[in-house]
Amino acid sequence: MDAHALLAGLGLGLSLIVAIGAQNAFVLRQGLRGEHVGAVVAVCAASDVVLITAGVAGVGALVQQAEWALVVVRVGGAAFLLGYAAHALRRAVRLADAALDARTAPERGTLAGALTTALALTWLNPHVYLDTVVLLGSIAGTHGDDRWSFAVGAVAASAAWFLALGFGARLLRPLFARPGAWRVLDALIAVVMTALALSLLAGLGG
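Nothing here was measured: the structure is a model prediction, and the numbers come from that model. (Residues numbered from 1 in each chain as written. Predicted model: local features only at pLDDT ≥ 70, side-chain atom pairs only at ≥ 80, totals over all residues. Heavy atoms only, no water.)

*Asks:* Explain the overall build of the protein chain here, please?
*Replies:* Helix and strand content of the protein chain: nine helices and zero strands. Overall, the protein chain shows an N-to-C arrangement of helices and strands of α-α-α-α-α-α-α-α-α. Counting across all 206 residues of the protein chain, residues that qualify as buried make up 40%. Of the contacts made within the protein chain by residues no fewer than 6 positions apart, 87% connect residues no fewer than 24 positions apart. As presented, the protein chain carries roughly 10100 Å² of accessible surface, and 70% of it is formed by carbon and sulfur atoms. (Helix = DSSP H or I, 4+ residues; strand = E, 2+ residues; numbered from the N terminus. Buried < 20%, exposed > 50% of the residue type's maximum accessible area, 1.4 Å probe, protein only. Contact = heavy atoms within 4.5 Å. Areas by Shrake-Rupley, 256 points an atom, 1.4 Å probe, with all protein chains shown as cover.)

Laid out in structure tokens, this is it:
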């Protein structure tokens, strides 16, 4: 295990994943509500393991050549993100009793629903492929025989971030005991999802 390659993977992995996006926004919201956090974190981290491993194994080079596949993923991902944005906006407008008090907290979502959303936000988002499969895979290749040490670092960064985001969100719960804070969060999520969807569609002309 090469320490230099491992630290390089850890640093790049964190720099790519520690940014507000569709996946992170969902994990944060689940963490704040305390709903199926472990399962959602596990799905997101496991997905990154698969994607990073594929990129380091050389799949990134193939993905770059399959332009039609990227177009399909962009359109499908944009449609899903716009739908999720609409759902978040509806919550922000309609939610009148979103406090985390046990008497007034919103109805808990199902485990199946949470996992489906986590998988969709991961696998229908082209940015995930570009960051993990293409970019991380390409840079890992520059480390030669130590590319798998780089991969271990990137995977560790992903797991550490999702664990911190999902289980650390509880520290913000006092703030989100007020309905207004939930409205702001859902409105922000709607804006982020819409911006990401538009960026995906705009990229089709590039």
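Having seen it, we continue.
*Asks:* Looking at this structure, I do not really get the layout of surface pockets. What am I missing?
*Replies:* The rolling of a water-molecule-sized probe over the atoms marks out the regions of remaining empty space. Its boundaries defined by the atoms lining it, the second largest pocket holds a volume of some 370 Å³. If you trace the second largest pocket, you find 21 residues lining it, with Leu-16, Ile-17, Gln-23, Val-128 and Asp-131 closest to the centre. Those elements that place two or more of their residues in the lining of the second largest pocket are helix H1 (3-17), helix H2 (22-33), helix H3 (37-56), helix H7 (126-141) and helix H8 (147-168). Here the lining of the second largest pocket gets five residues from one element, more than from any other, and that element is H7. The residue inventory of the lining of the second largest pocket, partitioned by class, reads 11 nonpolar, eight polar and two charged. (1 Å grid on protein atoms, 1.4 Å probe; cavity = no way out; pocket = protein on both sides within 12 Å on 5 of 7 lines; lining within 4 Å. Points joined across faces, edges and corners; volume = space filled by probe spheres on them. Nonpolar A, V, L, I, M, F, W, Y, C, P; charged D, E, K, R; others polar.)

*Asks:* Can you walk me through the nonpolar core in this structure?
*Replies:* A general tendency of soluble globular proteins is for nonpolar side chains to be buried together. Residues Phe-26, Val-27, Val-40, Leu-81, Phe-162, Ile-189 and Met-193 are the most contacted members of the largest nonpolar core, which totals 34 residues. Where this core is concerned, the elements lending two or more residues are H2, H3, helix H5 (67-94), helix H6 (111-123), H8 and helix H9 (179-202). Ignoring any residue separated from it by four or fewer positions in sequence, one finds Val-40 in contact with Phe-26, Val-27, Gln-30, Ala-114, Leu-115 and Ala-118. Counting nine residues, the second-largest nonpolar core is a separate cluster that includes Ala-5, Leu-12, Leu-136 and Ala-151. (Core = buried A, V, L, I, M, F, W, Y, C linked by side-chain atoms within 4.5 Å.)

*Asks:* Whenever I open this one, a nonpolar patch on the surface confuses me. Can you help?
*Replies:* Together, Val-71, Val-75, Leu-82, Leu-198 and Leu-201 give the surface a local cluster of nonpolar side chains, amounting to about 390 Å² of exposed area. Mapped onto the nonpolar patch, the elements with two or more residues apiece are H5 and H9. Tallying contributions element by element places H5 first for the nonpolar patch, with three residues. As for its position among the elements, Val-75 is in helix H5. The partly exposed category is assigned to Val-75, whose relative accessible area is 41%. (Patch = residues over 30% accessible without salt bridge, like charges linked within 9 Å, V, L, I, M, F, W, Y side chains within 5 Å. Salt bridge = Lys/Arg side-chain N within 4 Å of Asp/Glu carboxyl O.)

*Asks:* Help me understand the environment of Gly-83 in this model?
*Replies:* One can find Gly-83 in helix H5. Considering only alpha carbons, one finds Gly-83 and Ala-197, 114 residues apart in sequence, at a separation of 9.7 Å.

*Asks:* What is the right way to read the environment of Ala-45 from this model?
*Replies:* Summarising the element assignment, Ala-45 is placed in helix H3. Among the residues examined, Ala-45 registers a relative accessible area of 16% and is labelled buried. Filtering out sequence-adjacent residues up to four positions away, Ala-45 remains in contact with Ser-158, Ala-159 and Phe-162.

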